[in-house]
Amino acid sequence: MTLHTPARRQWPLLAALALLALATALPRTARAQDDDHVFTSTSTGVDRIRIAAAGFKPLATDATTTGYKHLFDNTLYSDLNSAGIFDLVSQSLAPMATPGTPAEMVVAQWSAAPANAAMVAFGSLNVTGGNVVVNGWLYDTKNTVDPKVLGQQYSEPASDEDTRHIAHEFADEIILRLGGGLPGIAETHIFYVSAHGGNKEIWEMDYDGQSAHQITHLDTITLSPRISPDGNRLAFASLGHDGWNIRVFSMLLGRMVSFPAIGGTNLSPAWSSDGRSIAFSSSRSGDPEIYIGDEAGNNLRRVTAYRGPDVSPVWNPRTNSQIAWISGRTGLPQLYIMDSDGTNVQRMTDGGYATSPSWSPNGQFLAFAWDRKYGPGAPGGQDIYVMEIATKRWIQLTHDTGGRCDFPSWSPDGRHIVFESDSGKSSDIWTMLADGTGRHKLTVGGTSTMPNWSWK
Amino acid sequence: MNLTQRSFRTFTQIAALATIAGLAGCHHKTAAPVDTSQYTPPPATAPTATLTADPVAIDLGQSVVLNWRTQNATAVTIDGIGSVNVNGTSTASPSTSTNFHLTATGPGGSTEANVRVTVRIPEVPTAPVAGPTDMTDDALFHQNVQDVFFDYDSADIRADAATSITQAAAFLTAHPSAKVLIGGYCDDRGSAEYNLALGETRANAAKDALVTAGVAASRLRVISYGKEKQFCTDEDDACWQQNRRAQFSLDR
């Protein structure tokens with residue numbers, strides 16, 4: 001017996017997480033301790049596929065073309081590296097060759113040491129007629145007879161943003177083929193709050209932190225962005241003269257659209273996964289309670305009725321028949337779930353200070369922020385946790401980040417979690433795999449909070 | 001919240017008991033002659049009482065010291081304060097000129113004492129245009145309607161806050177056209193969304209306390225600022241306390 005009890009308790013959940021992520025391998029150090037536990041071949045997680053991304057061949061040598069080529073290469077490498085299902089051949093171990101076509105591809109160069117790649121992505125990039133044109137292939141180096149897994153051509157306007165987009169599209173094609181059928185997330189977006197001069201506005205960036213741009217210009221404090229499942233509407237809470245109201249911005253029209261102001265403090269909107277309902281917190285009756293309305297904010301019904309703050313609802317995206325939320329009805333805020341008609345209330349956390357739930361796309365897990373030793377004089381580490389709903393077992397994903405972690409949000413493939421880390425003086429947005437590995441920062445500048453990952 | 005309600009309920013109950021005690025005293029007085037006719041007890045000395053106030057004239061918001069002395073009394077009540085010791089002092093901050101009325105009751109009957117405290121309410125500026133005009137300025141408002149502060153992760157009205165609420169209610173009663181915006185604030189620990197809900201609960205607790213003290217709810221508006229607006233940004237107890245508050249301001 002080498003593992004101490006808490007670690008043992010968390011193992012089945014880790015295994016389930018690995019299952020969820022299919023090929024998301026467990027950390028090597030964790031696997032090494034796995035002497036006295038029985039795992040099926042599936043529950044241990046599949047080994048990561050070793051893949052190489054060859055530098056794409058520029059079909060011209062001018063600075064524009066080579067510039068786009070480097071941008072494309074870096075983006076593709078980063079996408080594959082952060083996907084969580086690959087063991088990416090480091091650039092120093094890859095052959096110097098840049099095969100631009102299947103004819104120029106010598107598979108043996110890539111399957112041999114030191115690259116030892118099982119898969120290799122390669123192709124060419126050209127700029128013609130104002131467009132960036134990319135031909136990309138994915139080859140299986142073990143299949144010498146018919147190695148082609150994928151062959152794609154892309155043509156988009158010649159710009160940095162479109163070049164990055166092509167790389168994201170190609171990466172997502174590769175991830176879809178090799179990742180157990182789950183679509184990749186390289187084309188997804190993250191909405192977040194950015195503070196400037198006392199105001200807070202909603203911004204959007206690519207999933208890798210690139211192409212950040214401002215969405216709202218309301219000149220007030222705007223919080224809790226939640227993008228609709230179809231990506232067309234952005235709901236949030238905004239402070240006006242009469243207090244906090246839920247407001248909606250149309251991504252299609254590029255302007256605010258109406259949403260009823262119902263009085264009281266209205267916070268933390270949440271779309272059901274069919275896009276037909278919005279849950280949010282409202283104090284229209286005097287005490288913050290959870291309400292559910294249709295997508296236009298009409299036909300409101302109240303689903304909680306207990307003194308104390310009720311806030312931050314999220315739907316079970318698999319069924320839309322359950323809601324998780326945060327309630328201070330017993331004192332410090334705790335994580336609860338209930339049926340969406342307000343029945344079957346279950347408290348999920350057993351103490352501490354729990355906030356900001358996010359329901360995993362497969363419906364099995366809740367990610368949330370938790371300070372398990374909250375109180376005056378307590379060290380007060382607030383970290384991101386994931387709880388398996390069926391068993392209430394949890395694992396801690398962040399450790400010693402030097403800040404309070406908050407507002408986790410699942411990626412649509414369920415393999416990643418984006419969150420905020422706040423040092424007190426500055427706050428930035430980080431992302432990690434759903435097992436806590438691969439953590440890296442997406443924003444700089446220390447003014448970014450409350451990330452919300454798009455549904456697709 | 002529950003504690004808050006409970007404390008105010010308790011206050012109400014005490015007031016009710018005091019009223020009942022006062023009524024009981026009155027009944028006792030009328031019952032006494034019936035007893036004496038049957039048992040002829042030794043003649044009891046009638047009680048005496050004096051009640052003074054220092055000073056007898058104050059500016060609005062200041063307080064006076066009431067001082068009373070009685071003899072041969074077993075129960076003493078002062079209207080608006082309730083049952084008190086047979087001899088004692090008390091401070092009061094009346095919002096308008098008030099006759100303090102003391103009733104001393106003993107075996108020999110009862111007696112009364114009165115003192116009038118004049119409250120100088122500041123001159124109301126007469127604005128040439130229509131609108132709420134019985135306010136003087138923000139400074140006067142903030143002098144009399146002071147922010148209340150909260151304990152860690154609590155929305156309960158503390159004892160020190162109850163004093164502020166009483167004074168604020170008196171001022172608002174004297175200025176019936178003033179409307180008040182109550183802002184709820186939290187320190188910067190904890191989560192932004194939850195703190196907005198908690199700030200709402202704090203502001204509502206302050207609102208409920210003012211309503212209980214007689215201020216019309218329609219004059220009070222609540223906005224939670226959670227930890228979005230901070231009075232200070234130091235990471236220490238003093239600053240956190242500054243940020244855990246319900247702030248009152250004139251709602252224009």
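Within every chain, residues take consecutive numbers counted from 1 along the sequence as written. Labels follow written order: the first chain is A, the first ligand is 1, and so on. Given that the model is predicted, a residue must reach a pLDDT of at least 70 before its local features are reported, and side-chain atom pairs must reach 80 or more before they are shown or counted; all residues, however, enter totals for whole chains, interfaces and linings.

A. Structural context of the sheet that holds strand E22 (residues 353-359) of chain A. Residues and elements named next belong to chain A. Between any two strands, pairing holds if DSSP finds at least two bridges. Strands here are runs of E lasting at least two residues and helices are runs of H or I lasting at least four, both read from the DSSP assignment and numbered beginning at the N terminus. If you trace the four strands from one edge of the open sheet to the other, you get E22-E23-E24-E25, paired in antiparallel fashion. Of all the strands in the sheet, just E22 and strand E25 (393-396) have a single pairing partner and so form its edges. The average undirected angle you get between the axes of adjacent strands in this sheet is 30°. By the bridge criterion, six bridges tie strand E23 (residues 365-371) to strand E24 (residues 383-388) in an arrangement that is antiparallel. Looking across to E24, one finds that Ala369 is bridged to Ile384. Fitted lines through C-alpha atoms serve as axes, helices being fitted only where they are in contact, and the angles separating the N-to-C directions of these axes extend from 0 to 180 degrees.

B. Local environment of the domain arrangement of chain B. Residues and elements named next belong to chain B. The domain boundaries assigned to chain B delineate domain 1 (12-24 + 41-120) and domain 2 (138-250). Contacts here follow a simple rule: the backbone-placed C-beta atoms of the two residues must lie within 7 Å. On the side of domain 2, seven residues touch domain 1, which itself brings five residues to the contact. Classification used: nonpolar for Ala, Val, Leu, Ile, Met, Phe, Trp, Tyr, Cys and Pro, charged for Asp, Glu, Lys and Arg, polar for all others including Gly. In terms of residue class, the side of domain 1 that touches domain 2 is built from one nonpolar, four polar and no charged. Boundaries between domains were set according to an automatic or database domain assignment.

C. Structural detail: the environment of Ala94(A). Residues and elements named next belong to chain A. If you trace the backbone, Ala94 turns up in the loop between strand E3 (86-88) and helix H4 (107-111). Distance in space between the C-alpha atoms of Ala94 and Pro114 is 7.5 Å, their sequence separation being 20 residues. What Ala94 contacts, discounting residues up to four positions off in sequence, is Ala52, Ala54, Val89 and Ala115.

D. Here's a closer look at the confidence of the model for chain A. Residues and elements named next belong to chain A. Per-residue confidence from the prediction method is given by pLDDT, with values spanning 0 to 100. Across chain A, pLDDT averages 90, with 89% of residues at or above 70. Confidence drops under a pLDDT of 50 for residues 1-12, and excluding neighbours within four residues, the segment shows eleven contacts in the predicted structure. Scored below 50 in pLDDT, residues 18-44 shows 49 contacts in the model against residues more than four places distant or in partner chains.

E. Local environment of the interface of chain A and chain B. Taken together, the contact between chain A and chain B spans 28 residues of the former and 19 residues of the latter. Looking at the side of chain A that touches chain B, the elements that each hand over two or more residues are strand E10 (222-227), strand E12 (243-250), strand E14 (266-271), strand E18 (310-315) and E22 of chain A. A total of three residues in the side of chain A that touches chain B trace back to one element, the largest contributor, which is E22(A). Here the side of chain A that touches chain B is composed, by residue class, of 13 nonpolar, 13 polar and two charged.

F. Quick peek at the pairing of strand E11 (residues 233-240) of chain A. Residue and element names in this part refer to chain A. Extensive coverage of E11 is indicated by the burial of seven of its eight residues. Of the pairings in the sheet, the one linking E10 to E11 comprises four bridges and is antiparallel in character. Across the sheet, the residue bridging to Leu223 is Ala237, located in E11. The turn linking E10 back onto E11 is made up of five residues, and Gly231 within it adopts a positive phi angle of 75°. As defined by bridge partners, E11 adjoins E12 across eight bridges and the pair is classed as antiparallel. For every residue, the other C-beta atoms within 10 Å of its own C-beta are counted; 20 or more classify it as buried, 12 or fewer as exposed, and values in between as partly exposed. C-beta atoms are placed from the backbone.

G. Focus on helix H5 (residues 160-178) of chain A. To estimate how far a helix should reach, multiply one less than its number of residues by 1.5 Å. For H5(A), with 19 residues, the first-to-last C-alpha span of 27 Å sits near the 27 Å given by 1.5 Å per residue. Backbone geometry just downstream of H5(A) places Gly180(A) in the positive-phi region, at approximately 75°.

H. Quick peek at the sheet that holds strand E11 (residues 220-226) of chain B. Residues and elements named next belong to chain B. Across the sheet, four strands lie side by side as E9-E12-E10-E11; this open sheet has mixed pairing. The open sheet terminates on both sides in strands that have one partner only, identified here as strand E9 (148-149) and E11. Two strands pair when backbone bridges link them, and strand E10 (residues 180-185) and strand E12 (residues 245-250) are joined in this way by five bridges, in the antiparallel orientation. Considered in E12, the bridge of Ile182 is made with Phe248. Across the sheet, helix H4 (residues 192-212) is in contact with E9, E10, E11 and E12; its angle to E11 comes to roughly 155°.

I. Focus on unusual backbone geometry. Note that the residue after Ala113(A), namely Pro114(A), is joined by a cis bond; omega there is 5°. Relative to the helices and strands, Pro114(A) resides in the loop between H4 and strand E4 (119-128). In the segment running from Asp54(B) into Pro55(B), the intervening peptide bond is cis, with an omega of -10°. Note that Pro55(B) resides in the loop between strand E1 (48-54) and strand E2 (57-59).

J. A look at the domain arrangement of chain A. Residues and elements named next belong to chain A. Each assigned domain of chain A is listed with its residue range as follows: domain 1 (49-178) and domain 2 (189-453). Using only C-alpha atoms to locate each centre, domain 1 and domain 2 end up separated by 36 Å. If you look at the interface, domain 1 gives five residues, while domain 2 gives seven residues. When contributions to the side of domain 1 that touches domain 2 are tallied by element, the ones reaching two or more residues are helix H3 (63-82) and H5. Of the residues in the side of domain 1 that touches domain 2, the class split is no nonpolar, three polar and two charged.

K. Structural detail: the confidence of the model for chain B. Residues and elements named next belong to chain B. Across chain B, pLDDT averages 79, with 77% of residues at or above 70. With pLDDT under 50 throughout, residues 1-8 is counted as low confidence; its partners more than four residues away or in other chains account for 14 contacts. Low confidence marks residues 14-37, where pLDDT is under 50. Its contacts with residues over four positions away, or in another chain, come to 15 contacts. Under the prediction, the complex receives an ipTM of 0.87, its pTM being 0.76.

L. Expanded view of the nonpolar core. Buried Ala, Val, Leu, Ile, Met, Phe, Trp, Tyr and Cys residues form a nonpolar core when they are connected through C-beta atoms within 7 Å. If you look at the biggest cluster of nonpolar residues, it comprises 149 residues, and the most contacted ones within it are Ile51(A), Ala52(A) and Leu80(A). Tallying contributions element by element places H4(B) first for this core, with ten residues. Apart from the residues lying within four places of it in its own chain, the contact partners of Ala52(A) are Val89(A), Ala94(A), Trp110(A), Ala115(A), Ala117(A) and Val120(A). Core analysis: the next-biggest nonpolar cluster, separate from the first, contains twelve residues, Phe100(B), Leu102(B), Ala104(B) and Val117(B) among them.

M. Structural context of the packing of H3(A) against H5(A). All names here are of chain A. In the contact formed by H3 and H5, the axes pass within 8 Å of each other and the chain directions differ by 35°. The chirality of how H3 crosses H5 is right-handed. Contacts between H3 and H5 involve Tyr68, Leu71, Phe72, Thr75, Leu76, Asp79 and Leu80 from the former and Asp160, Thr163, Arg164, Ile166, Ala167, His168, Phe170, Ala171 and Ile174 from the latter. Of the residues contributing to the contact of H3 with H5, the split by class is ten nonpolar, three polar and three charged. The sense of a crossing depends on the near helix, which, turned anticlockwise from the far helix by less than a right angle, makes the crossing left-handed and, turned clockwise, makes it right-handed.

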